[in-house]
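For reference, the chains in residue letters:
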Amino acid sequence: MDKFIIKGGRRLSGEVTISGAKNAAVAILPAVILSDEPCVIENVPSISDVNISLRILKEMGAEVENIGKDTYRIDPTHIDKCCVPYETARKMRASYYFLGALLGKFNKARVSMPGGCPLGDRPIDQHLKAFSALGANYSLTQGMIDLTADKLSGSQIFFDVVTVGATMNAMLAAVKAEGLTIIENAAKEPHIVDLANFLNSMGANIMGAGTDVIKIRGVEHLHGTTYAVIPDQIEAGTFMIAAAATKGDVLIKNIIPKHLESITKKLEKIGVSIEQYDDSLRVWVEGPLVKANVKTTPHPGFPTDMQPQIATLLTLAEGTSIITEGVWEQRFRYVDELRRMGADITVNGKVALVEGTGKLFGAPVKACDLRAGAALIIAGLAAQGITEIEDIFHIERGYDCMEGKLRELGADIEKVSVPDKASAKSDKKEAV
Ligand code: EPU
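A brief look at the structure comes next. Counting starts from 1 at the beginning of each chain's written sequence and moves along it residue by residue. In keeping with the predicted nature of the model, local features appear solely for residues at pLDDT of at least 70, side-chain atom pairs appear and are counted solely at 80 or more, and the whole-chain, interface and lining totals rest on all residues. Side-chain descriptors were evaluated using all non-hydrogen atoms of the structure, hydrogens and water having been removed beforehand.

Let's shift gears to the pairing of strand S15 (residues 249-253). We call a residue buried when its accessible area falls under 20% of the maximum for its residue type, exposed when it is over 50%, and partly exposed in between, using a 1.4 Å probe and counting protein chains only. Secondary structure counts use DSSP, requiring at least four H or I residues in a row for a helix and at least two E residues in a row for a strand, with both numbered from the N terminus. Burial along S15 is one-sided: Val-250 and Ile-252 are buried, and none of Asp-249, Leu-251 and Lys-253, which face the opposite way, are. One requirement defines pairing of two strands: DSSP has to find at least two bridges between them. Here strand S2 (residues 13-17) pairs with S15 via five bridges, running parallel. Following the sheet pairing, Gly-14 is matched in S15 by Val-250. Pairing analysis gives five bridges linking S15 to strand S17 (residues 280-285), with the strands arranged antiparallel. Residue Leu-251 lies in a different strand from S17, and its bridge partner there is Arg-282.

Here it is, written out as structure tokens:
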């Protein structure tokens, strides 16, 4: 079992370079299946969700070659299996993108239901609704989702909820369907635009990504391309908050400031100083941190994936803050762990009251999901004393060398391996 040991109380300072976006990469890698030629994907983050995506591609028959730091050449032309078995699908929620990509390319797909996860109910009804609208039949048997279609035809798809995953899956399945597909009430996250840009660079015809109406005119063939994944908005936001929580001064490089607007505005309200440049920003703290209310909503609102991190910062601020979770049913599971570190947070349904105590204390804690883990790291960096974080495999799903980057900024953090029977058990847990 690996864990992080953090000796808190050190100001972060210096420069950090943000890696490629997890939630873009885990869609772009399966999207390569749609190409009739090899593709080169750059700025791929080194995280376990990416490793699993690459493993699934290899198991299907794709040739995957690491041709440089963060760069992969993927040749999908020899793919001869349209199945993602339980053993791999269960490890990563985003394995559902193989449904859209395989259906779009081969008119069939067989993918195990993605595993449950600790954020509450995660249905895939909207994904299936999109596939059906395009002409696919689906069946759910023994934990496998089977999709088949004689042919895929463009269609009008109206999502009942704003969903990132179903919007991306609809794009993957529609990109080669005959005729025009119109997706309404589409999600607008930066990774939606990134997937559209990637597909368009292969010859697709997708318009409107980043707005709530996406139009896709189907094309017969998609060709090879070289494409760089966008920087990770959430990794950048996490480092911004880590800098603020330690009253540090950090230059965050390789970012798109526009993607961070909602985070930047909220942090400024809390009293954090931020200076933006073309592809970097500087974060530092001069005066006191003060309370703020935060409501998470789909993009361009404040991202749910930053909610545990900002809650941690607000425990260090003056006054009482109200946090309202607007996306997931259960995104406050980390609160129990933060309480062990001295946080005063009361949760009632989707609302949390954070009493700024100004101080946190080191304690042994457990990451219950990816962003909860990030929040505990921030808490550990700001706390007095030593924090030990267990179950860091959650963190390694989505953060590229988090401890190495923090050490470069002056943090006292180390990863230690503790021989423990639980490590095998941890590996079996589901992804976020
Ligand atoms: N929903 C449905 N039906 C569906 C799909 C979604 O009702 O068929 C509901 C969900 O229950 C949820 C809401 O719609 O209440 C939004 O879910 P969405 O589909 O947008 O989430 P997702 O695609 O499963 C992605 C990210 C999450 C991130 C959410 C919201 C990936 C791989 N995951 O999940 O990222 O929280 O969008 O932005 O892209 C993370 O990175 O830590 C993470 C959990």
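So, next bit.
Our next topic: the packing of helix H1 (residues 22-31) against helix H4 (residues 97-106). A pair of packed helices can be characterised by two numbers: the angle between their axes and the separation between those axes. At their nearest, the axes of H1 and H4 sit 9 Å apart, and the two run at 25° to each other. It follows that H1 is roughly parallel to H4 by the angle criterion. Both H1 and H4 take part in a crossing whose hand is right-handed. Touching Val-26, Ala-27, Pro-30 and Ala-31 of H1 are Tyr-97, Phe-98 and Ala-101, all from H4. The nonpolar class holds Ala, Val, Leu, Ile, Met, Phe, Trp, Tyr, Cys and Pro. Asp, Glu, Lys and Arg form the charged class, and all remaining residues, Gly among them, are polar. Partitioned by chemical class, the residues of the contact of H1 with H4 number seven nonpolar, no polar and no charged. For helices, the fitted axis covers only the stretch in contact; all axes are lines through C-alpha atoms, and the angles between them, taken along N-to-C directions, range from 0 to 180 degrees. For classification purposes, an angle smaller than 35 degrees is called roughly parallel, one larger than 145 roughly antiparallel, one from 65 to 115 roughly perpendicular, and anything else oblique. Throughout, a crossing is termed right-handed when the near helix is turned clockwise from the far one, and left-handed when it is turned anticlockwise from it by less than a right angle. Between two residues, a contact is recorded if the distance between any of their heavy atoms is within 4.5 Å.

Right, let's get into the site of the ligand. For this description, a residue counts as near a given molecule or strand if any of its non-hydrogen atoms is within 4 Å of it. Residues in close proximity to the ligand total 24 residues, the closest being Asp-125, Gln-126, Val-164, Asp-305 and Arg-371. In the model, an oxygen atom of the ligand is placed 2.6 Å from a nitrogen or oxygen of the Asp-305 side chain. The contact in question runs from an oxygen atom of the ligand to an N or O atom on the side chain of Trp-328, over 3.0 Å. Bound to the protein, the ligand loses 90% of the 830 Å² it would expose on its own. Of all the secondary structure elements, the ones that give two or more residues to the shell around the ligand are H1, helix H5 (125-133), helix H6 (164-174) and helix H12 (370-382). In terms of residue count, the dominant contributor to the shell around the ligand is H5 (three residues). The residue inventory of the shell around the ligand, partitioned by class, reads eleven nonpolar, six polar and seven charged. Note that domain bounds follow an automatic or database assignment of domains. Residues from two domains meet in the shell around the ligand; each of domain 1 (2-19 + 231-421) and domain 2 (22-228) gives at least three. By the criterion applied in these results, polar contacts are pairs of N or O atoms within 3.5 Å in which, for protein atoms, one can donate a hydrogen and the other can accept it, and in which residues neighboring in sequence qualify only through two side-chain atoms. Shrake-Rupley sampling with a 1.4 Å probe provides the accessible areas, and residues are treated as covered by the protein chains on show and by no other component.

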